[in-house]
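Structural characterization, general
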Amino acid sequence: MIFLTHKLRWAIAAVILFVLFVLAAIYWGFLDPSKIGLEWTILWYFVAAGGAYYFYFKNVTYRAIIYYAHQLDYHYADLKAWVPNLRENQDVPNPDKPRWFSPFAKVPITATNIIGDKLLAEAKEKHIPLYR
């Protein structure tokens, strides 16, 4: 059995999502350059690739936050205190009840960046193994 890191698993999932998008576009022809133009076709492939990368990055960051929070014994209230300017409809990752996927819009990327940076710095100080 091949050992895959968590980051590699999320990268593979993102690539599979992009490939499925490309196959769907070819099969159904909704990005056919003769119908919408070459520029729009290229744009939508880049948008799909960007969406796949966002899916990868957000989920890796979310899982790293859950990992470091467990290692450092932080809970939801601790993480929420680090990001005080959240809107009413926004939230932070909950280490006590982690999800399989990072919530797409509910957990903003700015919150995961702030929390992730703080947790990573503290984990390095305490010599906790890096999230892989």
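Worth saying up front: this structure is predicted, and the values here are computed from it rather than measured. (Residues numbered from 1 in each chain as written. Predicted model: local features only at pLDDT ≥ 70, side-chain atom pairs only at ≥ 80, totals over all residues. Heavy atoms only, no water.)

1. Details of the overall build of the protein chain
- A count of helical and extended segments in the protein chain gives five helices and zero strands.
- Sequence-ordered secondary structure for the protein chain, helices as α and strands as β, is α-α-α-α-α.
- Compactness check: the protein chain gives a C-alpha radius of gyration of 18 Å against a globular reference of 14 Å for 132 residues, more than 25% above the reference.
- The proportion of buried residues among the 132 residues of the protein chain is 34%.
- Restricting the contact set of the protein chain to residue pairs at least 6 apart, pairs at least 24 apart contribute 66%.
- For the protein chain, the exposed surface amounts to about 9,000 Å²; the carbon and sulfur share of it is 66%.
- With 14 positive and 10 negative side-chain charges, the protein chain shows a separation of 4 Å between the mean positions of the two kinds. (Helix = DSSP H or I, 4+ residues; strand = E, 2+ residues; numbered from the N terminus. Rg over C-alpha atoms; globule rule 2.2 N^0.38 Å. Buried < 20%, exposed > 50% of the residue type's maximum accessible area, 1.4 Å probe, protein only. Contact = heavy atoms within 4.5 Å. Areas by Shrake-Rupley, 256 points an atom, 1.4 Å probe, with all protein chains shown as cover. Lys, Arg positive; Asp, Glu negative; His and termini not counted. Charge placed at Lys NZ, Arg CZ, Asp CG, Glu CD.)

2. Details of the packing of helix α3 (residues 38-72) against helix α5 (residues 109-125)
- Running from amino to carboxyl end, α3 crosses α5 at an angle of 45 degrees, the nearest separation of the two axes being 9 Å. The orientation of α3 with respect to α5, classified from their angle, is oblique. When you trace α3 past α5, the crossing you get is left-handed. For the pair α3 and α5, contact is made by Y54, F57, K58, T61, I65, Y68, A69 and L72 and by I109, T112, N113, I115, G116, L119, L120, E122 and A123, respectively.
- A class-by-class count of the residues in the contact of α3 with α5 yields eleven nonpolar, four polar and two charged. (Axes fitted to C-alpha atoms, helices over the stretch in contact; angles between N-to-C directions. Parallel < 35°, antiparallel > 145°, perpendicular 65-115°, else oblique. Left-handed = near helix turned anticlockwise from the far one by under 90°. Nonpolar A, V, L, I, M, F, W, Y, C, P; charged D, E, K, R; others polar.)

3. Re the side chain of T41
- Within the secondary structure, T41 is located in helix α3.
- Residue T41 is classed as buried on the basis of its relative accessible area, which comes to 5%.
- Polar side-chain contacts of T41 include one of 2.9 Å to the backbone oxygen of G37.
- Dropping the residues within four chain positions of it, T41 is found in contact with L31, D32, P33 and I36. (Polar contact = N/O pair within 3.5 Å; in protein donor to acceptor, adjacent residues only side chain to side chain.)

4. Some words on helix α1 (residues 6-28)
- Taking 1.5 Å of rise per residue, the 23 residues of α1 would be expected to cover 33 Å, and the 33 Å separating its terminal C-alpha atoms lies within 8% of that figure.
- Here α1 has its buried residues at W10, A14, A24 and A25.
- On its buried side, α1 packs onto α3.
- Following α1 by one or two positions, G29 adopts a phi angle in the positive range, close to 70 degrees. (Expected span 1.5 Å × (residues − 1).)

5. Some thoughts on unusual backbone geometry
- You will see that D73, though not glycine, has its phi angle at about 60 degrees, which is positive.
- Mapped onto the elements, D73 comes out in the loop between α3 and α4 (76-82).
- For D73, a relative accessible area of 55% translates into the label exposed.
- Positive phi is not limited to glycine here, since H127 has a value of about 55 degrees.
- Inspection of the secondary structure puts H127 in the segment after α5.

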